[in-house]
Amino acid sequence: MEKSAKTMFGEMKRWINKYHTPFYLSACIIMILLVYVLVYNTGGIKYVYSHTMYIPILICGLALGRYWALLIAVIAGVLLGPFMPIEVTTGESQAFINWFYRLLIFVLIGGLSGFASEINKANKATITGLLYHHMDTELPNINSVKSFNETHVVSGECVFLSIIIANEDSIVTTVGMNGYYEVLQTLYMKIKDYLPDDAFIAQIDSVKFWAMTGNKEKRFSGQELDDLFDDKYIVGSRPLYVDANIGFLRKTLKNAELEASMFYECDIAAYYARKHHLTYVDYQDTVEHESKDMQLLAGFTEAMDNGEFYLVYQPVFDLESMQPILFEALIRWEHHKRGLIMPDKFISMIEETQLIHRLTDFVIKRTLAKLTEFRVGGMSVKMSVNISVRNLYDPNFCDKILHMFSENKIDPSKVELEITENLMMEDSQKGKKVLTALSDEGFSISIDDFGKGYSSLAYLSRYRLNTIKIDKEFVLNMAYDKTDQNIVKAAIVLAHELNCKVVAEGVENEKTLKMLKTMNCDYAQGFYYAKPIHEDEVITWYQNNMGK
Ligand code: C2E
Ligand code: CA
Ligand code: CA
């Protein structure tokens, strides 16, 4: 309802804008005729009603400026002059000087109001210019969406574009800020030339353009847009290229006004294009799943508050005694709409944001609570948690987790921290510092997914490691794949040389288990021994399986 009132109002405004002069001119003429009728019917010019004539003259001046207002003032003055008696009943006519003086006053009022309105309009145009354009490039900015709506209504199949420049830094370094503005202006003109005349195009920020066309004639091709960037730009005497990513989206609209929110999806497509090293991406084709991920990410905090996360624990067992020696905490998300979501679907996304701190805190807290339960039950067992490298960048991480441990009166030696190999490879002095500090406090450090990451082994000696977990990719098929077998064998030797214990993860059958034993592997983890166990059942599982 609100929407349709808004649309109706918008349409009315557009109509008046389009027929501004004839609309106000005819309205003023009708008004002066009505005033004439009013004055005549109330007895003639002798009575007070003739002053009503100021209204149409003022309106005309304000709406149409000096010249139209002067014309209207003259017509009004003449109508209320020779054509209007002093007293209708007697028919007595006015003296020339009377009506002519009134006419001059009308002309003065029309002229002054028109002049004032022209000054006002000029000021408004300057302010609007500043409001709707960038100071540096003088190109239309995001506010120009509003001015576009004053003259256009969008309907039918429309194409929305987001064009994001990827090499702003190198252009600025080469030709300076002013040179970069020149490039933006040239690019703007190129896009404008490519799109139909009535297309909307604006520079949204220093690297982004938005464009929209609802013109059906235009057959749109991403390749053509791509070609816009093939040309060399010459700034000063320096040649340069603009590297951009383009997201586009087709949307069918019905008598809608353009809104900034209509471009957000093509922004997502453009960022997707950048991430995947593509020039242009159609939102519909490729991005929908990415935006699902975004939704998942957006719902993370609420899901945490609503208790949608829980832990499962998977035992690691000693290959000699075949007893569980440690439980690894693995997170699960019971999504209120999508059901169970496994960590592979969300962890990497969460790790790219600060949300990983909240997740790791949750896992550590929950695991410490479980350890307390174990202790109360007289069970002595270790636990391990997966730590993201981003946690290590948090300067408070070490203090924070030490605090949690002391609050729960649990010794750090009871918990192993698992960090993924390729994450450790990211050169990080800070990360190394935190890991060393944690190790000094008594935590065991385990390197996860060993073998999956980079081939350089130099980092192994840089960290103080206790355990190496060979990635399950090599273990799953090692019973049948000679290469995997050799890799696992070599990894075990290497780990032992570095005084580390070795866990083989992904042990699914007895043959693998036996092979690992002959290779002197210390521990194993896998579905053959136990699948991850729900946190509520882990104590019962432990009691039933310990000593078997
Ligand atoms: P990960 O740390 O390497 O954990 C081992 C994964 O292998 C687990 O998958 C486990 O269920 C699976 N697995 C164990 N044994 C077998 C087997 O015999 N065969 C097969 N096919 N798979 C086996 P899950 O629970 O889906 O976790 C996947 C990854 O998500 C984990 O890999 C870890 O990198 C990450 N993750 C899980 N929980 C957390 C967490 O709390 N924090 C962080 N930062 N990452 C987590
Ligand atoms: Ca792990
Ligand atoms: Ca692993």
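Residues numbered from 1 in each chain as written. Chains lettered and ligands numbered in written order. Predicted model: local features only at pLDDT ≥ 70, side-chain atom pairs only at ≥ 80, totals over all residues. Heavy atoms only, no water.

Novice: I tried to follow the site of ligand 1 on my own but got confused; where do I start?
Specialist: Surveying the vicinity of ligand 1 reveals 24 residues, the closest of which are Gln314, Arg332, Asp448, Glu508 and Phe527. Within the side chain of arginine 332, a nitrogen or oxygen atom sits 2.9 Å from an oxygen atom of ligand 1. Residue aspartate 449 places a side-chain N or O atom 3.2 Å away from an oxygen atom belonging to ligand 1. For ligand 1, whose free accessible area comes to 800 Å², the fraction covered by protein is 89%. Listed by contribution, the elements that provide at least two residues to the shell around ligand 1 are β9 (324-335), α13 (347-351), α14 (355-376), β13 (444-450) and α20 (472-476). (Near = heavy atom within 4 Å. Polar contact = N/O pair within 3.5 Å; in protein donor to acceptor, adjacent residues only side chain to side chain. Areas by Shrake-Rupley, 256 points an atom, 1.4 Å probe, with all protein chains shown as cover. Helix = DSSP H or I, 4+ residues; strand = E, 2+ residues; numbered from the N terminus.)

Novice: For this particular structure, what's the right way to read the coordination of the calcium ion (ligand 3)?
Specialist: Ideal geometry at a metal centre: 109.5 degrees between donors when four sit tetrahedrally, and 90 or 180 degrees when six sit octahedrally. In this structure, Asp448 (OD), Asp449 (OD), Glu505 (OE) and Glu505 (OE) serve as the protein donors to the calcium ion (ligand 3), at separations of 2.2 to 2.5 Å. All donors of the calcium ion (ligand 3) come from a single chain, and their spacing in sequence reads D-D-x55-E. A gap of 4.3 Å separates the calcium ion (ligand 3) and the calcium ion (ligand 2), which aspartate 448 links by coordinating each metal. Summarising the burial analysis for this pair, aspartate 448 and aspartate 449 share the class buried. (Donors = N, O, S within 2.8 Å, 3.2 Å for Na, K, Ca; no water. Buried < 20%, exposed > 50% of the residue type's maximum accessible area, 1.4 Å probe, protein only.)

Novice: Would you take a moment to explain the packing of aromatic side chains for this structure?
Specialist: Each aromatic ring pair is specified by the distance between its two centres and by the angle formed by the two planes. This model, assessed by the stated rule, comprises 28 aromatic pairs. When the centroid spacing of 4.7 Å and the interplanar angle of 35° are considered together, the rings of phenylalanine 309 and tryptophan 333 count as tilted. Here phenylalanine 309 is found in strand β8 (residues 309-318), whereas its partner tryptophan 333 is found in strand β9, with 24 residues between them in sequence. Lying over the aromatic face of phenylalanine 160, lysine 251 brings its terminal NZ or CZ to 5.6 Å of the ring centre. When the ring centre of phenylalanine 527 is taken as origin, the NZ or CZ atom of lysine 531, which lies over that ring, is 4.9 Å away. (Phe/Tyr/Trp six-rings, centres within 6.5 Å; stacked < 30°, edge-to-face > 60°. Lys NZ or Arg CZ within 6 Å of the ring centre and 35° of its normal.)

All quantities given are derived from atomic positions and should not be read as evidence of function.
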